[in-house]
Amino acid sequence: MSEQPQVVVADDEVGSRYAAMLDGRVAGFAEYLRTGDRVVFTHTEVDPAFEGRGVGGAIARYALDDVRRRGGLTVVPSCPFIRAWIDRHPDYQDLVASR
């Protein structure tokens, strides 16, 4: 059994999105807006060719870990996918901005 290729996620600051690469192609992305100390996730999309391969989860985990690593930032999960992912992973609830 061969190992599946690894999803590689990076912050594309110019494009204001976290992009996932798989098999040499953009497999998905999470768009965001940075306003002050908040990172507002507005939209997440996974290319249908890559669905079911953990791309969305890899993007969410990397993006939220990156926000945490940078420090002093909170998250506004306007995107339904990011909101649902945080709900399923309560260890990321502390990043969510209070209203």
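See the structure shown above.
Summary of the structure given here. Because the structure is predicted, anything quoted here is derived from the model rather than measured.

Thresholds, definitions, all that
- Residues numbered from 1 in each chain as written.
- Predicted model: local features only at pLDDT ≥ 70, side-chain atom pairs only at ≥ 80, totals over all residues.
- Heavy atoms only, no water.
- Core = buried A, V, L, I, M, F, W, Y, C linked by side-chain atoms within 4.5 Å.
- Buried < 20%, exposed > 50% of the residue type's maximum accessible area, 1.4 Å probe, protein only.
- Helix = DSSP H or I, 4+ residues; strand = E, 2+ residues; numbered from the N terminus.
- Pairing = 2+ DSSP bridges.
- Axes fitted to C-alpha atoms, helices over the stretch in contact; angles between N-to-C directions.
- Contact = heavy atoms within 4.5 Å.

**Section: the nonpolar core**
Item 1. Judged by nonpolar contacts, the single largest core of 25 residues is most densely connected at Tyr18, Phe41, Val55, Ile59, Leu64, Val67 and Val75.
Item 2. For this core, the secondary-structure elements that each account for two or more residues are β2 (17–22), β3 (25–35), β4 (38–46), α1 (55–70) and α2 (80–88).
Item 3. By residue number, the principal contributor to this core is α1, which donates six residues.

**Structural notes on the sheet that holds β4**
Item 1. Sheet architecture is open: five strands sit in the order β1-β2-β3-β4-β5, paired in mixed fashion. Two strands close off the open sheet at either side, each with one partner strand: β1 (8–12) and β5 (74–77). When the angles between neighbouring strand axes are averaged without regard to direction, this sheet yields 25°.
Item 2. Bridge count for β4 against β5 is four bridges, and the pairing is parallel. The residue of β5 that forms the bridge with Val39 is Val75.
Item 3. Packed onto the sheet, α1 meets β1, β2, β3, β4 and β5 and runs at close to 135° relative to β2.
Item 4. α2 contacts β4 and β5 of the sheet and is inclined by roughly 120° relative to β5.

That's the geometry; what it means functionally is another story.
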